[in-house]
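Inside the fold
So you can see what is in the structure, the chains are spelled out below.
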2 protein chains.
Amino acid sequence: MSGLSQATGVSVATLKYYLREGLLHPGRATSRTQADYDDSHVERVRLVRALSDVGGLDLTTVGRVLDAISGDDVERLGVLGAAQRSLLGADLVDIAPADAACAHPGGPLSAVALPGPATSRAHAWLARRGWLVDPRDPVIGDLDRAWTACDDVGLGLDEARMDGYADAVEAVAVIDVDSVPPEPHAALRQVVLGTVLVDPVLAALRRLAQQHTAVTRAAGENHTAPE
Amino acid sequence: MSGLSQATGVSVATLKYYLREGLLHPGRATSRTQADYDDSHVERVRLVRALSDVGGLDLTTVGRVLDAISGDDVERLGVLGAAQRSLLGADLVDIAPADAACAHPGGPLSAVALPGPATSRAHAWLARRGWLVDPRDPVIGDLDRAWTACDDVGLGLDEARMDGYADAVEAVAVIDVDSVPPEPHAALRQVVLGTVLVDPVLAALRRLAQQHTAVTRAAGENHTAPE
């Protein structure tokens, strides 16, 4: 275990905690107090650290995500819904995966305008935009809350600006989906980890792109003649 | 104070805590135990809730952000740097705002290739891309850590995919910067709140756009003849 600690930079005490919480599978016992750990343990510890340190997940959610990744009942076409559900937890328990539109590409696809639960501004906006998502998806509630918070502080996030963001984010999603491999387990892993770990990449890129844009524009203002 | 509690949906105990911590300015005292609260208090409480509940900031960071928003030494062109610094805290204390390239649009702009502190893969990628950012900006470290975490779990986030994300995020940043008003205080407020509160909007949009993209593509696979 001290070897595993050295290989991963994670303390023995923390590794023991991961073992107790089931976040790390036991090593192969070689005596009553010794066990062998292999590359699969190193990989798993790195995964737990990435999800908690960079992804910002608490260890309960990390455990749920790891369970989802190692689950056996994954169909490729339902992978995105399953992956997103694994991150959302209890809120979504009452939505059977088989019911989710996103798990049924050949089934009753529908824009969120079709009958569904209580609608919101986010529902209405999504329907107008024509995005094919499950109208019961809790992520729509997340969007609505985040949008309302922007309104509450007067950020001026109107539908035109939301559409602009959505156009940009569609390009992100195409890259995300293109990077999903065909094999179901690998796909689920890619989607779950990509959702959690690429968000911080995008957030950092946004701050840097803001600086670049502001600087470039200011330089342009300084160097071109006023109209 | 019970009126303020009703207007904001925040408990009296929490409001008292905000007062003690300086997150909320005192009301106008009308007696030893009574004070009047006005719209400015309602607005401030909503702001604290938005930053903490939706933005996910701890209350210490909320206080720092609020201090930044109400600061008096803001130049418009340094707003983005100042705003981002207010979110980052102590790490950035050793970078005087006046030194930051992003605060000096007429000054020594430089891509990150120019001499700076220890470079990383993120530095090299930014230099190749030609983004004009301060090479000492801690956000570059955030990007590097997030990128490394993706590598550690085998997400396959190579430079081509990073460039794809960056193209999309540039479009987001243009919308962000276009929404910044000219008046310095309003600008700083817009940038700080936009950074914190629009990230959750973008994260929700990304999940929904992934579903839409996956569903649309799967439907296309089902309905078109194989090549």
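In the block above lies the structure referred to throughout.
Let's shift gears to the overall build of chain A. Across its full length, chain A holds 9 helices and 2 strands. Secondary structure elements of chain A occur, N-terminal to C-terminal, as α-α-β-β-α-α-α-α-α-α-α. Split into buried and exposed, the 227 residues of chain A put 49% on the buried side. Partitioning the intrachain contacts of chain A with sequence separation of at least 6 by distance along the chain shows that 51% fall at a separation of at least 24. Roughly 10600 Å² of accessible area belongs to chain A as shown, and the carbon and sulfur atoms make up 52% of that amount.

Rotating chain B by 180 degrees and moving it 0.0 Å along the rotation axis overlays it on chain A with an RMSD of 0.1 Å. Put plainly, the chains are arranged around a two-fold axis. By C-alpha distance to the rotation axis, the residue of chain B lying nearest is alanine 168 of chain B, at 2.5 Å. Most of the interface of chain B is mirrored in chain A, where 100% of its interface residues again form contacts.

At the interface, 78 residues of chain B touch 78 residues of chain A. Counting the surface chain B buries against chain A, the share from its top three residues, Arg206, Leu208 and Gln211 of chain B, is 10%. On inspection of chain B and its partner chain A, the count reaches 6 salt bridges. Notably, a salt bridge pairs aspartate 199 of chain B with arginine 206 of chain A, separated by 2.8 Å at the nearest N-O pair. Counting across the chain B and chain A interface gives 21 residue pairs in polar contact (both at pLDDT 80 or more). With 29 residues, helix 9 (residues 184-223) of chain B is the largest single contributor of residues to the side of chain B that touches chain A.

Turning our attention to the packing of aromatic side chains. All names here are of chain A. The final tally for this structure, using the stated rule, is 4 aromatic pairs over all chains. A centroid spacing of 6.2 Å and a plane angle of 85 degrees characterise the contact between tryptophan 125 and tryptophan 147, whose relative ring orientation is edge-to-face. In this pair, tryptophan 125 is assigned in helix 6 (residues 121-129) and tryptophan 147 in helix 7 (residues 138-152), connecting sequence segments 22 residues apart. Just as tryptophan 125 is buried, tryptophan 147 falls in that class too. Linked through ring pairs, Trp125, Trp131 and Trp147 together constitute an aromatic cluster. A cation sits over an aromatic face here: arginine 121 above tryptophan 147, 3.8 Å from the ring centre.

We now examine the environment of aspartate 38 of chain A. Residues and elements named next belong to chain A. Looking at where aspartate 38 falls in the secondary structure, it is placed in the loop between strand 2 (35-36) and helix 3 (39-54). Taking the C-alpha atoms as reference points, aspartate 38 and glycine 3, 35 residues apart in sequence, are found 9.7 Å from one another. A polar side-chain atom of aspartate 38 sits 2.5 Å from a polar atom in the side chain of serine 40.

All right, on to helix 7 of chain A then. Taking 1.5 Å of rise per residue, the 15 residues of helix 7 of chain A would be expected to cover 21 Å, and the 21 Å separating its terminal C-alpha atoms lies within 8% of that figure. What helix 7 of chain A keeps buried is the set Pro138, Val139, Ile140, Leu143, Asp144, Ala146, Trp147, Ala149 and Cys150 of chain A.

Residues and elements named next belong to chain B. Look at helix 6 (residues 121-129) against helix 8 (residues 159-178): their axes get within 12 Å of each other, and the N-to-C directions meet at 60 degrees. With respect to each other, helix 6 and helix 8 are oriented oblique. Every pair of crossing elements has a handedness; the one defined by helix 6 and helix 8 is right-handed. Here Arg121, Trp125, Arg128 and Arg129 of helix 6 lie close against helix 8, whose contacting residues are Glu159, Met162, Asp163, Ala166, Asp167 and Glu170.

Rules used throughout
- Residues numbered from 1 in each chain as written.
- Chains lettered and ligands numbered in written order.
- Predicted model: local features only at pLDDT ≥ 70, side-chain atom pairs only at ≥ 80, totals over all residues.
- Heavy atoms only, no water.
- Helix = DSSP H or I, 4+ residues; strand = E, 2+ residues; numbered from the N terminus.
- Buried < 20%, exposed > 50% of the residue type's maximum accessible area, 1.4 Å probe, protein only.
- Contact = heavy atoms within 4.5 Å.
- Areas by Shrake-Rupley, 256 points an atom, 1.4 Å probe, with all protein chains shown as cover.
- Least-squares fit on C-alpha atoms with pLDDT ≥ 70 in both.
- Buried area = accessible area lost by both parts, 1.4 Å probe.
- Salt bridge = Lys/Arg side-chain N within 4 Å of Asp/Glu carboxyl O.
- Polar contact = N/O pair within 3.5 Å; in protein donor to acceptor, adjacent residues only side chain to side chain.
- Phe/Tyr/Trp six-rings, centres within 6.5 Å; stacked < 30°, edge-to-face > 60°.
- Lys NZ or Arg CZ within 6 Å of the ring centre and 35° of its normal.
- Expected span 1.5 Å × (residues − 1).
- Axes fitted to C-alpha atoms, helices over the stretch in contact; angles between N-to-C directions.
- Parallel < 35°, antiparallel > 145°, perpendicular 65-115°, else oblique.
- Left-handed = near helix turned anticlockwise from the far one by under 90°.

In short, geometric facts, not functional conclusions.
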